[in-house]
Amino acid sequence: MTEKEFIPTSYTTLKDEGVVAYSSPSNIALVKYWGKRENQIPANPSISFTLASCATITKVHFKKREKKDDNFSFELLFEGEVKDEFKPKINTFLRRIEQYLPFLKDYHFKIDTSNSFPHSSGIASSASGMSALALCFMEMERTFSNAISQEYFNKKVSFLSRLGSGSACRSIEGPLVQWGDCNAFEGSSNLFGIKYPYEVHSVFNNFQDTILLVDKGEKQVSSTVGHELMHGHPFASQRFEQAHNNLEKLRTVFAEGNLNEFISIVESEALTLHAMMMTSSPYFILMKPNTLSIINAIWKFRKESKTHVCFTLDAGANVHLLYPENEREVVLHFIKEVLVPFCQNGQYICDRIGLGAKKL
Ligand code: DP6
C-alpha cells in the first residue's frame with residue numbers, strides 16, 4: 001500500500017454536527033523503535049504488546065463552521081480543564097493528516113480527553129493520546145463515506161496515528177502489533193502497524209505488565225530528540241540490523257512459547273535502547289539509580305524463584321515487569337515486598353496485554 005491509497009476521493013455526506021468517542025490503549029515495545037526518517041518512517045521495525053488498562057479516552061464533538069479559513073479550529077480539554085499548552089502538538093498533527101482527511105478545516109472541534117493512568121506518571125501518553133484522536137477523526141470519515149471496511153479503517157487509523165507519534169500506530173489492535181518493513185513479516189509496512197500475523201503460544205495469553213513508577217518528573221530529553229540523535233550515531237546501522245534479527249527470532253519464540261529466549265531478547269532490547277542514548281552525541285541517561293536497583297533485584301529473584309519475570313524500559317526511568325499470568329501471585333508478592341520501596345511514592349500500575357482500541 002502507498003500513502004496515496006489513504007487519500008479519499010469523495011464523501012457521500014458531511015454531517016453538520018455530531019460526537020465520536022474512543023478509548024485507545026498504550027503499548028509496550030518488545031523490539032524498540034528508536035530512530036526515524038522524514039514523515040515518521042521508522043529506521044527499524046518494532047513490535048509491541050498492546051496494554052489493556054492504561055488508555056486515553058477521547059471524545060470529539062464536531063460542528064460545521066460557518067466560515068472556513070486557513071486555520072484549524074478546535075478547543076481542548078484535558079481531564080476536564082482547558083489545556084492550551086497541548087494545542088501546538090495537535091495543530092502539527094492536524095497539519096500532517098489534513099491531506100488524508102480533507103474535511104478537517106470544515107469543522108470546529110471540541111476535544112475532551114483524559115487518561116486512565118495517573119497524570120504525570122511518566123508513562124508515555126503520546127501513543128494512547130494520538131491514536132485515540134486519530135480514531136475519532138477516522139470515525140467521522142466512516143460516517144461521511146459509503147463503505148469503509150474494518151481492514152481499511154484499521155490500516156488508515158494506524159497510518160494517521162503514526163503521523164502523530166510513531167509508537168501510536170501500534171495501539172489500534174492487539175495483543176501484538178508489528179510496525180515497519182521486515183522480511184520476516186508478511187504484510188509489514190513502514191506506514192502502519194499490523195496485527196501479529198503468526199501463531200502465538202498460549203503461555204503469552206493474558207501476559208502481565210506491572211509498571212513501576214520510578215520517576216514521574218519531566219524527562220530531560222524527549223523521544224523526538226532521542227530519535228534525531230540516531231542520525232550519524234556511530235552504532236546506528238548495527239542497531240537497526242539487530243532489531244531485524246530480534247524480530248525474526250521472536251517469531252520462533254512466540255510460536256514455541258520459549259520464555260527464556262523471550263527474556264533475553266526483551267531485556268537486551270531495553271538495555272540497547274538505553275545504550276543508544278548513552279552513546280549519542282550529546283549523550284544522556286534516562287535511567288535513575290532505582291531503575292538499576294530494580295533490574296538487579298529482578299535478576300536475583302528470577303534466579304532464585306525460577307520464574308520468568310523480565311523487565312523492559314521505555315524512554316524513561318520507569319520499569320515494566322513482564323511475566324506470564326500463572327506466575328502472577330508470586331511476582332506480585334515480590335513486587336510488594338522488594339520493589340515497591342524503589343518506586344516514587346510506592347506507586348505501580350498493574351496492567352496486562354489487551355486487544356486494542358474501543359469505540360465508546
Ligand atoms: C522508546 O513514538 O514516542 O517508546 O514518533 O517521536 O512520537 P515519536 O516517538 P515515540 O517513540 C517511542 C520510543 C520508545 C520505543 C517504542 O515504543 O518502540
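Residues numbered from 1 in each chain as written. Predicted model: local features only at pLDDT ≥ 70, side-chain atom pairs only at ≥ 80, totals over all residues. Heavy atoms only, no water.

Peer 1: Could you clarify how one ought to interpret the packing of helix H6 (residues 259-278) against helix H7 (residues 289-305) in this entry?
Peer 2: When two helices pack together, you describe them by how their axes are tilted relative to each other and by the distance separating the axes. Two numbers describe how H6 lies on H7: the axes approach to 14 Å, and their chain directions differ by 170°. By the criterion of interaxial angle, the relationship of H6 to H7 is roughly antiparallel. Between H6 and H7, the residues in contact are Ile263, Glu267 and Leu271 and Ile295, Trp299 and Arg302, respectively. In terms of residue class, the contact of H6 with H7 is made up of four nonpolar, no polar and two charged. (Axes fitted to C-alpha atoms, helices over the stretch in contact; angles between N-to-C directions. Helix = DSSP H or I, 4+ residues; strand = E, 2+ residues; numbered from the N terminus. Parallel < 35°, antiparallel > 145°, perpendicular 65-115°, else oblique. Contact = heavy atoms within 4.5 Å. Nonpolar A, V, L, I, M, F, W, Y, C, P; charged D, E, K, R; others polar.)

Peer 1: Sorry if this is basic, but what is going on with the nonpolar core here?
Peer 2: Nonpolar side chains in soluble globular proteins tend to be buried together. Ranked by size, the top nonpolar core spans 41 residues in total, and within it Ile97, Leu104, Phe109, Phe137 and Met140 carry the most contacts. With ten residues, the single largest contributor to this core is helix H2 (residues 126-144). Those residues in contact with Phe109 that lie beyond four places of it in its chain are Val60, His61, Phe62, Ser73, Phe74, Glu75, Leu104, Phe137 and Met140. Leu30, Phe117, Phe185 and Leu322 belong to the second largest nonpolar core, which has 33 residues in total. (Core = buried A, V, L, I, M, F, W, Y, C linked by side-chain atoms within 4.5 Å. Buried < 20%, exposed > 50% of the residue type's maximum accessible area, 1.4 Å probe, protein only.)

Peer 1: Would you mind showing me how to read H6 here?
Peer 2: Because an α-helix completes one turn every 3.6 residues, residues spaced three or four positions apart along the sequence face the same direction. Between its first and last C-alpha atoms H6 spans 28 Å; for 20 residues at 1.5 Å apiece the expected length is 28 Å, and the two agree. For H6, the N-terminal cap is Asn258; the gap from its side-chain oxygen to the backbone nitrogen of Asn260 is 3.3 Å. (Expected span 1.5 Å × (residues − 1). Polar contact = N/O pair within 3.5 Å; in protein donor to acceptor, adjacent residues only side chain to side chain.)

Peer 1: When you look at the sheet that holds strand S13 (residues 348-352) in this model, what are you seeing that I'm missing?
Peer 2: Read across the open sheet, the four strands follow the order S11-S12-S10-S13; overall the sheet is antiparallel. The open sheet has two edge strands, strand S11 (310-313) and S13, and neither has a second partner. Taking each pair of neighbouring strands and ignoring which way they run, the sheet shows an average axis angle of 25°. Docked against the sheet, H6 engages S11 and strand S12 (319-323), running at close to 30° with respect to S11. Docked against the sheet, helix H8 (residues 328-339) engages strand S10 (208-212), S12 and S13, running at close to 155° with respect to S12. (Pairing = 2+ DSSP bridges.)

Peer 1: Can you help me understand the site of the ligand in this one?
Peer 2: Taken together, 17 residues form the shell around the ligand, and within it Tyr33, Lys36, Ser165, Gly166 and Ser167 come nearest. One of the backbone nitrogen or oxygen atoms of Gly166 is found 2.7 Å away from an oxygen atom of the ligand. When the ligand is considered free in solution it has 460 Å² of accessible area, and contact with the protein chains removes 93% of it. The leading source of residues in the shell around the ligand is helix H4 (residues 223-228), at three residues. For the shell around the ligand, the per-class residue count stands at five nonpolar, eight polar and four charged. (Near = heavy atom within 4 Å. Areas by Shrake-Rupley, 256 points an atom, 1.4 Å probe, with all protein chains shown as cover.)

Peer 1: Help me understand the packing of aromatic side chains, please; the structure alone is not making it clear to me.
Peer 2: The description of an aromatic ring pair uses the distance of the two centres, along with the angle that the planes make with each other. Applying the stated criterion across every chain, the model contains 28 aromatic pairs. Geometrically, the ring pair formed by Phe49 and Phe207 is tilted, given 5.6 Å between the ring centres and 45° between the ring planes. Within this pair, whereas Phe49 is found in strand S4 (residues 46-64), its partner Phe207 is found in the loop between strand S9 (193-195) and S10, the two being separated by 158 residues in sequence. Each member of the pair, Phe49 as well as Phe207, carries the same accessibility label: buried. Taking the centre distance of 6.1 Å and the plane angle of 55° together, the rings of Trp299 and Phe311 count as tilted. Residue Trp299 is found in helix H7, and its partner Phe311 is found in strand S11; the two are separated by twelve residues along the sequence. On the basis of relative accessibility, which here comes to 36%, the residue Trp299 falls in the partly exposed class. The rings of Phe49, Phe185, Tyr196, Tyr198, Phe204, Phe207, Phe254 and Phe262 are connected pair by pair, giving a single aromatic cluster. When the ring centre of Phe72 is taken as origin, the NZ or CZ atom of Lys105, which lies over that ring, is 4.9 Å away. Here Arg142 stacks its cationic end above the ring of Phe153, 3.9 Å away from the centre of that ring. (Phe/Tyr/Trp six-rings, centres within 6.5 Å; stacked < 30°, edge-to-face > 60°. Lys NZ or Arg CZ within 6 Å of the ring centre and 35° of its normal.)

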